[in-house]
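Coordinate inspection notes
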Amino acid sequence: MRKCRSHWSQGDRERHQRRSHYYEGPHTSHSSCGGRTREEVVTPPLPEHAAAGSPMAMSVDFKTYVDQACRAAEEFVNIYYETMDKRRRALTRLYLDKATLIWNGNVVSGLDALNNFFDTLPSSEFQVNMLDCQPVHEQATQSQTTVLVVTSGTVKFDGNKQHYFNQNFLLTAQSTPNNTVWKIASDCFRFQDWSSG
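Quick caveat: nothing in here was measured; it's all calculated off a predicted structure. (Residues numbered from 1 in each chain as written. Predicted model: local features only at pLDDT ≥ 70, side-chain atom pairs only at ≥ 80, totals over all residues. Heavy atoms only, no water.)

**Brief notes about the pairing of strand β5 (residues 146-157)**
Taking burial as the measure, the 12 residues of β5 include 10 buried ones, the bulk of the element. Examined bridge by bridge, strand β4 (residues 124-136) and β5 share 12 bridges and lie antiparallel to one another. Its bridge partner being in β5, V136 is matched across the sheet by T146. Here β5 pairs with strand β6 (residues 162-175) via 11 bridges, running antiparallel. Looking at β6, one finds that V147 is bridged to L171. Adjacent in sequence and paired antiparallel, β5 and β6 are bridged by 4 residues, among which G159 carries a positive phi angle near 85 degrees. (Buried < 20%, exposed > 50% of the residue type's maximum accessible area, 1.4 Å probe, protein only. Helix = DSSP H or I, 4+ residues; strand = E, 2+ residues; numbered from the N terminus. Pairing = 2+ DSSP bridges.)

**A look at helix α3 (residues 111-120)**
Residues L114, F117 and F118 constitute the buried set of α3. Buried positions in α3, seen along its axis, are confined to an arc of 95 degrees and lie on one side of it. For α3, the exposed residues lying more than 90 degrees away from the buried face are D112, N116 and T120. (Arc of directions from axis to C-beta.)

**Topic: unusual backbone geometry**
Within the chain, N104 stands out as a residue other than glycine whose phi angle is a positive 50 degrees. With respect to the helices and strands, N104 occurs in the loop between β2 (95-103) and β3 (106-109). By relative accessible area, which is 12% here, N104 ends up buried.

**Quick notes on the confidence of the model for the protein chain**
With 68% of its residues at a pLDDT of 70 or more, the protein chain shows a mean pLDDT of 77. Under a pLDDT of 50 for its full length, residues 5-36 has, in the predicted model, 63 contacts with residues more than four places off or in other chains. In the predicted structure, residues 49-57 sits below a pLDDT of 50 and forms 4 contacts with residues beyond four places in sequence or in another chain. (pLDDT = per-residue confidence, 0-100. Contact = heavy atoms within 4.5 Å.)

**A short note on the packing of aromatic side chains**
The full count for this structure, using the stated rule, is 19 aromatic pairs. Aromatic side chains Y81 and F126 sit 5.0 Å apart centroid to centroid with 45 degrees between the ring planes, which places their arrangement in the tilted category. Here the residue Y81 occupies a position in helix α2 (residues 55-86), and F126 occupies one in strand β4, the gap between them amounting to 45 residues. Relative accessible area serves as the criterion here: at 7%, F126 is assigned to the buried category. Seen from their ring centres, F126 and F165 are 5.1 Å apart, and the 85 degrees between their planes marks the pair as edge-to-face. You can see F126 sitting in strand β4 and its partner F165 sitting in strand β6, a full 39 residues away along the chain. (Phe/Tyr/Trp six-rings, centres within 6.5 Å; stacked < 30°, edge-to-face > 60°.)

As structure tokens, this is what we get:
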């Protein structure tokens, strides 16, 4: 499967760091209206898979799907870490109702438990250095459109030393005729230098 992007360039990181200039209050449209925040990843509708189409049509259709999934993943990463660092109380809006988080081996399930867990975390400063994504085959996800997003970088929680981290998300698409909203079904976070700290 095609990878979206293996590493962010310096320009990508700078755009990620500047993202806060564009968001200040929730909205659900795809456009980044100046001065407003959002805690949803919304993209145009996913292409219909051609059931009886030619192999060429299905190939083009899949490429369009992969491109859109990759754009959604990049947008998701910007929104997720911006929200984690600056609007933590809104973070669970990015999760499905029955989503599961595994945080350094500890399992948290459901929105109430996620809210309580995120409330206990000290304030954070995340720096994402790598982003990768790829669609998950529909046979593995009961025909649900799903994208695997992998990030790594550094994080400093208030009162603690900086850690390297790795995080994996499974994003699932909830489609309507007008747009596609991406939500976290599963989230796995791990410090990479846990044993040394």
